[in-house]
Amino acid sequence: MVPLVVAHGGAGADGAHSAGCVVACRAAARALGAGASALEAAAAAVRVLEDDENFNAGRHSAVRLDGRTVQMDAGVADADGFGSVAGLEDVAHAVDVALAVRRSPHVMLAGAGAQAFARKLGLVSPTPLITPRRVEHARDALASLRDDPRWVHADVEAVWNFDTPPPAAVPPPTGDTVGAVVRDAQGKLAAAGSTGGTAWSLRGRVGDTPIFGAGFYASAHAALVATGIGEEIWRRMSCRAVHDGVAAGTPPMEAVVQYVRAHPAAWDVGLLCVTPAGWGAASNRNMAWAAMEGDRVVGRGG
Ligand code: GLY
């Protein structure tokens, strides 16, 4: 079977940045060529995307509502199991922490314990990982907060949970989340995703990316990753919902296109899916993405 890799840089990420997703697909294909599993290859793609300044993950993660802090989530899965992590700080490759959780007795670590686990692995940077570009984004007007469906009616003062008072400026919209799905030469499937969450987030907020069934899912039938505003993706358990349609016989492209069309239009969503027989990619926003079969690019956004 010809290996297949599909990678994305997030719903809301300019399709012009799909070149970065091609680079990520090539990294996964190289890993497969060197004998890596589908799971390791999906993580290799995500590592490249986490390093890409155009995407919201790793050191380029969106800054939260206080304009100064970042928290990251990640998840990895194949048909044999999954691992995920939530609320990491100052980690360039959250996907590597999720991979380590996958090998641990647990399926998810969060908050202070996740941070201690990442530190023990030597994956926490000794200096804060916040880029000047993301801090600059954080200077945009507080008024844009109301563009986000979660915050339209929210009392910002009442829910504020940072140590510092609300700033006069909050981050603007950013591309959301990176992810990849892989089918190896044996037909084994895997999914991996990583995110800085969303810019308009309180401290401790967790989205869909580390939630098995919501932000990622894998079985022998299909592997999926999601991108978009995590609260709605989690409520709908989007990856599991699409997975079940595909497992029942819907072709993967048709399944993801139908799903994003039916998603409430105010909420960003994007999905990638790979099966033993094909793949799909769709979003209700611009999305940077690319699909590669063997060494041939067979689809891309932009
Ligand atoms: N999809 C990423 C998040 O909502 O955190």
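A quick note: this is a predicted structure, and the numbers were derived from the prediction, not measured.

Draft legend 1. Seen up close, the pairing of strand β2 (residues 72–78). The element β2 is extensively covered by neighbouring structure, given that seven of its seven residues are classed as buried. Both faces of β2 are covered, namely the face carrying Met72, Ala74, Val76 and Asp78 and the face carrying Asp73, Gly75 and Ala77. Sheet analysis places β2 next to strand β3 (residues 81–88), joined by six bridges and oriented antiparallel. Residue pairing across strands places Met72 opposite Leu88, the latter belonging to β3. Note that β2 and strand β6 (residues 189–195) share six bridges and pair antiparallel. Paired with Ala77 across the two strands is Ala191, which belongs to β6.

Draft legend 2. Spatial organisation of the packing of helix α2 (residues 38–50) against helix α3 (residues 94–102). The N-to-C vectors of α2 and α3 enclose an angle of 155°; their axes lie 9 Å apart at closest approach. Taken as axis vectors, α2 and α3 run roughly antiparallel relative to one another. Contact residues: α2 offers Leu39, Ala43, Val46, Arg47 and Glu50, while α3 offers Ala94, Val95, Asp96, Leu99 and Arg102.

Draft legend 3. Main features of the site of the ligand. Close to the ligand lie Asp176, Thr177, Thr195, Gly197, Thr198, Arg205, Gly207, Asp208, Thr209, Gly228, Ile229 and Gly230. Thr177 places a side-chain nitrogen or oxygen 3.1 Å from a nitrogen atom of the ligand. Contact with the protein chains removes 100% of the 200 Å² of surface that the ligand exposes when unbound.

What counts and how
Residues numbered from 1 in each chain as written. Predicted model: local features only at pLDDT ≥ 70, side-chain atom pairs only at ≥ 80, totals over all residues. Heavy atoms only, no water. Buried < 20%, exposed > 50% of the residue type's maximum accessible area, 1.4 Å probe, protein only. Helix = DSSP H or I, 4+ residues; strand = E, 2+ residues; numbered from the N terminus. Pairing = 2+ DSSP bridges. Axes fitted to C-alpha atoms, helices over the stretch in contact; angles between N-to-C directions. Parallel < 35°, antiparallel > 145°, perpendicular 65-115°, else oblique. Contact = heavy atoms within 4.5 Å. Near = heavy atom within 4 Å. Polar contact = N/O pair within 3.5 Å; in protein donor to acceptor, adjacent residues only side chain to side chain. Areas by Shrake-Rupley, 256 points an atom, 1.4 Å probe, with all protein chains shown as cover.

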